[in-house]
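Close look at the chain arrangement
For reference, the chains in residue letters:
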Amino acid sequence: MRLPEHVGIIMDGNGRWATSRGLPRVLGHRAGAEAVRRIVEASREAGVRYLTLYAFSWENWDRPSQEIQELMGLLDEFIQRELERLLANRIQLRVIGRIHELPTGVLANLRSAAAQTAANDGMTLTLALSYGGRQEIVDAARRLAEQVQQGLLQPDQIDEERLRQALYAPDLPDPDLIIRTSGEQRLSNFLLWQSSYAELYVTPKFWPDFTKDDLVEALVEFERRERRFGRTSAVSAAPSSTPRG
Ligand code: IPE
Ligand code: IPE
Ligand code: MG
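The present account deals with the structure reproduced in this document. These figures come from a predicted structure and were not determined experimentally.

Turning to the pairing of strand β4 (residues 123-131), a few remarks are in order. Each regular strand shows side chains that alternate between the opposite faces of the sheet. When you tally the buried positions in β4, you get nine out of nine residues, the bulk of the element. Alignment of strand β2 (residues 50-57) against β4, held across seven bridges, turns out to be parallel. Residue pairing in the sheet places Y54 in a bridge with A128 of β4. Strand direction decides the pairing type here: strand β3 (residues 91-96) and β4, joined by six bridges, are parallel. When the bridges of β4 are listed, V95 appears paired with L127.

Structure below.
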């Protein structure tokens, strides 16, 4: 099977899952955390190398403060409870986003889990937290501007590769497949730079209902897609961004 090396998931629909059952939204987020555990394991078993989960967008800070607090509480609980399993399955945990905006306790636990799993080579699990694709590009532009100001970089040296290097996790390959649950056909500011040639897969299922079989279905669909990267026929891997000559 031709697997995507990097899968990104926009985990949407926790609120609707809860509301449709007459439950408070927080219980949807709790069920969503269970789905995360399940899908991390299923991805690892399937042989996915990189899994990136959109867990909290930069725009999600505009939600009611009670919901934000509940989400941060669940996140903290999740990291503490999952660390052992991540270690046992040799999964490396990483985080992308404006993470300095997270509550200090949560951030400390995330950093500690990332450090303890840094040498793991089974799969890389990246959590996008306080993350926005536009914010990431703005942050990259600032870093490059600083390098120019310090005389370390000439403006005409800025190319795709330099900009990519200034993103949050430049060593991760671009996502091959982006899955979105709950039917919405939009990226909602997820990995804007990196997703330029990602295959998109939308399922109507709410995130808490997303199962291992649903993941496998998405992987099978990915295998059927013909990726062209602007060429006239199928290309097996993304062309490099080195200058044409
Ligand atoms: C996704 O579920 C989780 C986060 C965005 C944090 P939602 O909370 O967006 O659920 P819906 O879209 O309102 O159903
Ligand atoms: C996207 O879901 C963000 C995450 C899944 C973390 P949203 O629910 O925030 O997206 P919109 O508002 O429907 O676009
Ligand atoms: Mg939503």
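Having put the structure on the table, let's press on.
Attention now goes to the site of ligand 2. Around ligand 2, the surrounding shell consists of I10, M11, D12, Y54, A55, F56, S57, N60, R63, R180, R186 and S188. The contact in question runs from an oxygen atom of ligand 2 to an N or O atom on the side chain of D12, over 3.2 Å. S188 is positioned with one of its side-chain polar atoms (N or O) 2.6 Å from an oxygen atom of ligand 2. Here ligand 2 loses 78% of its free accessible area of 390 Å² to cover by the protein chains. Taken atom by atom, the bulk of ligand 2 overlaps the second largest pocket. When grouped by side-chain class, the residues that make up the shell around ligand 2 number five nonpolar, three polar and four charged.

Rules used throughout
- Residues numbered from 1 in each chain as written.
- Chains lettered and ligands numbered in written order.
- Predicted model: local features only at pLDDT ≥ 70, side-chain atom pairs only at ≥ 80, totals over all residues.
- Heavy atoms only, no water.
- Buried < 20%, exposed > 50% of the residue type's maximum accessible area, 1.4 Å probe, protein only.
- Helix = DSSP H or I, 4+ residues; strand = E, 2+ residues; numbered from the N terminus.
- Pairing = 2+ DSSP bridges.
- Near = heavy atom within 4 Å.
- Polar contact = N/O pair within 3.5 Å; in protein donor to acceptor, adjacent residues only side chain to side chain.
- Areas by Shrake-Rupley, 256 points an atom, 1.4 Å probe, with all protein chains shown as cover.
- 1 Å grid on protein atoms, 1.4 Å probe; cavity = no way out; pocket = protein on both sides within 12 Å on 5 of 7 lines; lining within 4 Å.
- Sits in = over half its atoms within 2 Å of the grid points.
- Nonpolar A, V, L, I, M, F, W, Y, C, P; charged D, E, K, R; others polar.

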